[in-house]
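Notes for the structure review
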Amino acid sequence: MKFQIEDVTVYFPYDNIYPEQYSYMLELKRALDAKGHCLLEMPTGTGKTIALLSLITSYVLAKPSNPVKLLYCTRTVHEMEKTLAELRFLHGYQVKELGPSAGILALGLSSRKNLCVNPRVVSAENRDSVDAACRKLTASWVRAVAIENPDIPKCDFFESYEKAASDAVLPPGVYTLQDLRAFGKQKGWCPYFLARRMVQFANVVVYSYQYLLDPKVAGIISKEMQRETVVVFDEAHNIDNVCIEALSVNVRTQTLDGASRNLSRMSQEIERLKATDAGRLRAEYNRLVDGLAQRGDLLSGDTWLANPALPDDILKEAVPGNIRRAEHFLSVLRRFVQYLKGRLQTESVEKEGPVTFVASINSQVGIDQKMLKFCYDRLHSLMLTLEITDTDEFLHIQTICDLATLVGTYTRGFSIIIEPFDERMPHIPDPVLQLCCHDASLAIKPVFERFQSVVITSGTLSPIDVYPRLLNFNPVVSRSFTISLTRDCICPMVLTRGSDQLPVSTKYDLRSDPGVEKNYGKLLLEMASVVPDGIVCFFVSYSYMDGIVNSWHESGILKEIMKHKLVFIETHDVVETTLALDNYRRACDSGRGAVFFSVARGKVAEGIDFDRHYGRLVIMFGIPFQYTLSRILLARLEYLRETFQIKEGDFLTFDALRQAAQCVGRVIRSKADYGMMIFADKRYSRHDKRSKLPSWILSHLRDAHMNLSTDMAVHIAREFLRKMAQPYDKSGAMGKRTLLSQEDLEKMVNGVEEMVF
Amino acid sequence: MSDKHVIKRAKYKSSTKDPGVPGVLKLSIERFIFMPNDQKSGVKLNVEFKIVKGHKFTKEGSKQALLNLTQEQGGNYIFEFDSFTDRDVCREFVARAIAFYTEGGKAVPERTAPPVTNEQLSSIETECRIKLLQENSELQTLHKQFVFGGILTDDEFWATRKKLLDQNDSRRPKQRLALKNEMWSVKPLSDGQSNRVTFNLTPELIHQIFAEKPAVRQAYLKFVPHKMTDMEFWTKYSRAQYLHSTRNVVAAAAEAAEDEELAVFLKRDDMLANEARRKIRRVDPTVDIEADEGDDYTHLPDHGLVRDEAKDVLDSQYEPYRRSFSQDLNQHSAVVLQGRVVDVGLSDPRGVAEALTRKKQAELSDDKLNTNFEKELSNRISRSAELEDLRGPRDPAVAPLSIKDPKDYFDSQQANALKALGDTGSAAKPLISSASAGQAYDSLRNVIIDINEMGLTEPIMNQEVSLKVLNGLTQSISSTKFHLGNSSNDSILDMLPKVTKEELLHHWTSVQELLKHFWSSYPLTTKYLYNKVTRLKDAMSQVYPKLQEIKESVQSDFRHQVSLLVHPMLQALDAAFAHYDADVQRRSAKSGEKRNGFM
């Protein structure tokens, strides 16, 4: 269908539209017109992504004079694939309606590990070894040598990509990572480098948050993206955590040992180079005098990712004289590592701010703040000069330089915490130095500054006023939409007691109580016998999940559950978890039914959808509070209180409840879908906790469902499932319209009907 | 028939207890011949399948692989086979042969010229048809009645059942057996007095262990029987399991260091890890968390915030011995989901192990060949990307239920439904109306005597009792109405004598069959169709007297109900005849007109 939103004709690939999608587009369009940032909360299951994509692409089509680029950031690769699949669907529709003029180029971008097609390279174990293996074949100096000596292996894909030069382009279309790989294989071009280059020309780029937020990688966009870009952060409820993690570093003894090894290897290299090719070192020196901005004259294939989180002047400024020479720089680093080693010897916990830390470095080993600030870039320049290809071996020294640059750059919003051992295991020495960032706005600041519109959207952004404060920006539009349901297809329940009427909770004193474990097990068992297809369970932590699953196994509850459904479980190992998820889906597809055990704040909770038959019920066992005794968390809470006047308790509850809401919110995909959510903890019945849940869940939480025991919950579940299995009228005939056709929309725009939301 | 002969080693037994005479069993489509190894023993058999009525066999996994052929005149032949696979081959063959004679063979003498088929049928197709007839008794009677009765040709009969044939295509994989979703609990049985621990292993469990733990399977193939016996192997395995169940990683490592065979069981399964790495490339990208690692720059070692999770601190030398319950759980569920992939007897662990290994290798080579897998995946993703209620519905992908005999299935379903209904009260109990007049009179008299003696009690009836009676009556009335409305066989048909009931059902299906063919032949465009209709009409006209016969044969109290049942059949037949007559008239009129016109 197509319809007008003010002066823009929106092409929407379906015959009907939800009213909230329409309002969402309206708000978004106003934000784009105002060239400002916006914050939009809309529940899951209302087709946020497709609404957003249709509006922005249609906006571009309507205003061809002002080509706006869309940068769509997802948290995970699989969300990237899903977004691109939706975009492909939309794009197909637009081309059908408008002809080839609507053609766009859209692509996903990921690391070499996900894009490489060279079988020798991609078989490496992790990302860094794939990167290194690639560099070994494609670095300019390797290829230069290979011209003379044909025995040196090269990457055929990269070679033919280079040979095709500017002819190597992607025809218009939508490319998922898989499509890119297939295209690369077919043409014989390296998909990774092709995608990297095509990013400049693409109308839509979908990639991970980290490519914008993490200074270590964000450089990839610093040159190529113009100001007229709309940046979207989807599923952004955790964006503050991503931001602070991006700027946090921790250092252990192993890191320091590794860094020392790296340094001695580099000094050997320098000696070797001095003997064979002293000119190269001199050239580097001269380059550094001119400032880091001149690095552009290095070959583009070798680009190190620049650091946009740093102030602009660093790029123009000359590198301080005392670290320009390679040996001098190495000796600075050696002293710094030595200093850190000394600090790790501490007996007691120490906590200080960056300013004190830098002052103490200066006084003890004579490295000043400016030198620290340049460490990161100086190191990479040196590594390029030394022609180091096995970069995965040098991660340790890179970590040290990250730390140096961060403490040298920022004076507030950070703290340095040194702990000699883990609080919970005081007898095992495990010293760690952590530089933790507390201020989420630091990492995202360059993004807000550089791009004209930044859209932050998610299913759970409650309370919505917290985010502008945490991220320090002024949205022109900030709205929260509710969901208009045709029928009550979600059924949240708060379960406070087991069948024996004893309270259940994961509160510290009740956590390992066998009665609570048994009641939780009985709840799942009863539900497994009632609910068809998939059930998802979330636990508060890995250790708790391991413990409770083992105790269920021993008491035979697990065996009973397995009589009804297959059981899969999330583990620390991502490969295994992925396979478990795949099998879980297959078990649901085949009608066998399955239970998936997962962890709140874990990888699965972060981005896997359990929509339709993949999740008819979600049980949240307990409230996923953070570990409140953690010093990092305490330091952050203190910072929040001082800077934003956010109370500790409020923040902790807000954080825990948004995680819980995130976990349960993944059951609904559309209004035809249905699912139940059980919050199994007595603390959910308290108003201060419950009220932090998003409004779309609260509005369906009936008073009668706020304090249930297991048997009552089972009864409600039975009734609910029976009701949901009946056919229903999709358009929502009873007074409120939940599905609009093109005519409805036209009528509405003409003012016949007024939208009420 | 794909293979004309089967020759297997077997023992002939006069009874199940009999040790049996070893020899060779030869099967051909007409007869089976048994030749004993010992020529002198005198137990030679040469029996035609014509006289064999049925066959029975022991379940797989039981002690002996037996096949029992029963004769028409009573008496049977029992054979014991060395393995279940041999037995199954023979069993299938025998089944085919018997079917051939019971269904086709009997008719042959009656009709020397079998129904003409105008196209040569492939052997697969015939086999498929025969199989269908075997599985579905109803179809078999129909087939016998019409095809061998000469009313329909074989092709005509099957033409209306194309769908059945397609479904039962032998190319379709056989329905696979599922595995039990039960983990081998490593809870050892200890007697409490000594330190002995006992484990129980069954062939089923061994199969499960082999499927879940490729390393154990490989070790079995490697060690047994050259290096150790079956018993020793499993003892060792159980020991390893016991060590795991104690969760003492250090002790496990220490034991493993001393005994290299034990170490195989205690170490992490490398084959599983390899397999995981292979499978991960074929995983649905929308659940691929592993791919995220590629873009995750904050969780580099030493970056980001330290996780709050407590870590187990363990020396690296013990690392390979650490195994978590979750891993086992996932692996177990994955195997159960896959179902039983091998089709061999469970009694032979070695056979199972080899079959599983072969299967895995086949999968591996399949992977390399399967190229359109990626396409399929991307299709699936784009399908799941759509919002289902914003667009029209798609046909759901349905897998047809494999129901062997639909009648049986639906009857049993109905019985279940009625049972559920019956739970609510006594209403669904069949009404017993067999009390004779004398009994009724006696009982009435007794009641009157009672009342005469004691007088009427103050409330004539106990309130509770009367309520119960009232409730019972109401329910019984409403439910009979319900039953009658549905004409379920629990109400009327079950009350009829069994013979009548079966006859009625039979006539119903045959009338249906005839009518189906009758109506599908209109309009009569060819001579062939005309002939067919004539044949059908004759057959239908024979049904009338038969139905009348049934009506008259039943007792008077059922006659009304039977006629109710028969009525729709008669109506349908009448309609067909009316159509036929009208058509004949129209034709003759037309041809007459034509003739007039032309002449």
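The name given to chain B in an unreviewed UniProt entry is General transcription and DNA repair factor IIH subunit TFB1-1-like, with Salvia divinorum as the source organism. Quoted verbatim from the Subcellular location (unreviewed entry) field of the UniProt record, the comment on chain B reads "Nucleus".

Chain A is annotated in an unreviewed UniProt entry as DNA 5'-3' helicase of Salvia divinorum. Check the Catalytic activity (unreviewed entry) section of the UniProt entry for chain A; it says "ATP + H2O = ADP + phosphate + H(+)".

So, the overall build of chain A
When helices and strands are tallied, chain A shows 33 helices and 23 strands. The C-alpha radius of gyration computed for chain A amounts to 28 Å, which stays within 12% of the reference 27 Å derived for 757 residues, consistent with globular compactness. Its C-alpha atoms give chain A principal-axis dimensions of about 85 × 70 × 50 Å. Burial analysis of chain A (757 residues in total) assigns 63% to the buried set. Long-range contacts, defined here as pairs at least 24 residues apart, represent 80% of the contacts in chain A between residues at least 6 apart. Split by element, the accessible area of chain A, about 27,700 Å² in all, is 51% carbon and sulfur. Across chain A, the centroid of the 92 positively charged side chains sits 1 Å from that of the 92 negatively charged ones.

A closer look at the overall build of chain B
Of the regular secondary structure elements, chain B holds 22 helices and nine strands. Of all 599 residues assigned to chain B, the portion counted as buried reaches 37%. Contacts in chain B between residues at least 24 apart in sequence constitute 60% of all its contacts with a sequence separation of at least 6. Just so you have it, chain B exposes about 36,700 Å², and 54% of that area is on carbon and sulfur atoms.

Some details on the environment of leucine 84 of chain A
All names here are of chain A. By the element assignment, leucine 84 lies in helix 3 (residues 77-98). On the basis of relative accessibility, which here comes to 0%, the residue leucine 84 falls in the buried class. The sequence separation of leucine 84 and valine 205 amounts to 121 residues, and the corresponding C-alpha distance is 9.4 Å. For leucine 84, the residues in contact, after removing those within four places along its chain, are Leu107, Gly108, Val174, Tyr175, Thr176 and Val206.

Describing the sheet that holds strand 4 (residues 38-41) of chain A
Residues and elements named next belong to chain A. Taking strand neighbours across the sheet as the criterion, the eight strands line up as 7-6-8-5-9-14-4-15 in an open arrangement whose pairing is parallel. Both outer strands of the open sheet, strand 7 (173-175) and strand 15 (477-480), are each paired with one neighbouring strand and no more. Averaged over neighbouring strand pairs, the angle between their axes works out to 15 degrees when direction is ignored. The sheet contact formed by strand 4 and strand 15 spans four bridges and is parallel. Bridge pairing in strand 15 places leucine 40 opposite arginine 479.

Some points on unusual backbone geometry
Residues and elements named next belong to chain A. For glutamate 6, which is not glycine, the phi torsion reads 50 degrees and is therefore positive. Relative to the elements of secondary structure, glutamate 6 occurs in the loop between strand 1 (2-5) and strand 2 (8-11). For lysine 35, which is not glycine, the phi torsion reads 50 degrees and is therefore positive. Position of lysine 35 among the secondary structure elements: in the loop between helix 1 (19-33) and strand 4. The exposure class of lysine 35 is partly exposed, given its relative accessible area of 45%.

Focus: the packing of helix 26 (residues 574-589) of chain A against helix 12 (residues 270-280) of chain B
Between two packed helices, what matters for the description is the angle formed by their axes and the separation of those axes. Relative orientation of the contacting elements helix 26 of chain A and helix 12 of chain B amounts to 60 degrees, with a least axis distance of 10 Å. Taken together, helix 26 of chain A and helix 12 of chain B sit at an angle that is classed as oblique. Remark: the crossing between helix 26 of chain A and helix 12 of chain B carries left-handed chirality. Only Ala276, Lys279 and Ile280 of chain B of helix 12 of chain B make contact with helix 26 of chain A, whose side of the interface consists of Val575, Thr578 and Leu579 of chain A. Broken down by class, the residue content of the contact of helix 26 of chain A with helix 12 of chain B amounts to four nonpolar, one polar and one charged.

Here's the deal with the confidence of the model for chain A
Residues and elements named next belong to chain A. Summarising the model, chain A shows a mean pLDDT of 85, and 93% of its residues fall at 70 or more. When pLDDT is averaged over each element of chain A, strand 20 (residues 617-621) comes out on top at 95 and helix 16 (residues 313-316) at the bottom at 49. Counting contacts from residues 752-757, a segment whose pLDDT is below 50, to residues more than four positions away or on other chains yields 13 contacts.

Regarding the packing of aromatic side chains
Residues and elements named next belong to chain A. Taken as a whole, this structure holds 40 aromatic pairs over all chains when the rule is applied. Aromatic side chains tyrosine 24 and phenylalanine 481 sit 5.8 Å apart centroid to centroid with 55 degrees between the ring planes, which places their arrangement in the tilted category. Linking tyrosine 24 in helix 1 with phenylalanine 481 in the loop between strand 15 and strand 16 (490-497), this pair joins segments that are 457 residues apart in sequence. A residue is classified by how much of its surface remains accessible, and tyrosine 24, at 0% relative accessible area, is buried. Given a relative accessible area of 3%, phenylalanine 481 falls into the buried group.

Brief notes about the pairing of strand 5 (residues 69-74) of chain A
Residues and elements named next belong to chain A. Most of strand 5 sits inside the fold, with six of its six residues counted as buried. Both faces of strand 5 are covered, namely the face carrying Lys69, Leu71 and Cys73 and the face carrying Leu70, Tyr72 and Thr74. Where strand 5 and strand 9 (residues 229-233) come together, five bridges link them in parallel fashion. Bridge pairing links leucine 70 to valine 230 in strand 9. Where strand 5 meets strand 8 (residues 204-208), five bridges bridge the pair, whose relative direction is parallel. Bridging across to strand 8, cysteine 73 finds its partner in tyrosine 207.

Describing a nonpolar patch on the surface
A cluster of nonpolar side chains, Val465, Val469 and Leu473 of chain B, forms an exposed patch at the surface whose accessible area comes to about 230 Å². Along the chain, leucine 473 of chain B falls in helix 18 (residues 463-486).

Conventions and cut-offs
Residues numbered from 1 in each chain as written. Chains lettered and ligands numbered in written order. Predicted model: local features only at pLDDT ≥ 70, side-chain atom pairs only at ≥ 80, totals over all residues. Heavy atoms only, no water. UniProt positions renumbered as here; feature names shortened; annotations may be inferred. Helix = DSSP H or I, 4+ residues; strand = E, 2+ residues; numbered from the N terminus. Rg over C-alpha atoms; globule rule 2.2 N^0.38 Å. Buried < 20%, exposed > 50% of the residue type's maximum accessible area, 1.4 Å probe, protein only. Contact = heavy atoms within 4.5 Å. Areas by Shrake-Rupley, 256 points an atom, 1.4 Å probe, with all protein chains shown as cover. Lys, Arg positive; Asp, Glu negative; His and termini not counted. Charge placed at Lys NZ, Arg CZ, Asp CG, Glu CD. Pairing = 2+ DSSP bridges. Axes fitted to C-alpha atoms, helices over the stretch in contact; angles between N-to-C directions. Parallel < 35°, antiparallel > 145°, perpendicular 65-115°, else oblique. Left-handed = near helix turned anticlockwise from the far one by under 90°. Nonpolar A, V, L, I, M, F, W, Y, C, P; charged D, E, K, R; others polar. pLDDT = per-residue confidence, 0-100. Phe/Tyr/Trp six-rings, centres within 6.5 Å; stacked < 30°, edge-to-face > 60°. Patch = residues over 30% accessible without salt bridge, like charges linked within 9 Å, V, L, I, M, F, W, Y side chains within 5 Å. Salt bridge = Lys/Arg side-chain N within 4 Å of Asp/Glu carboxyl O.

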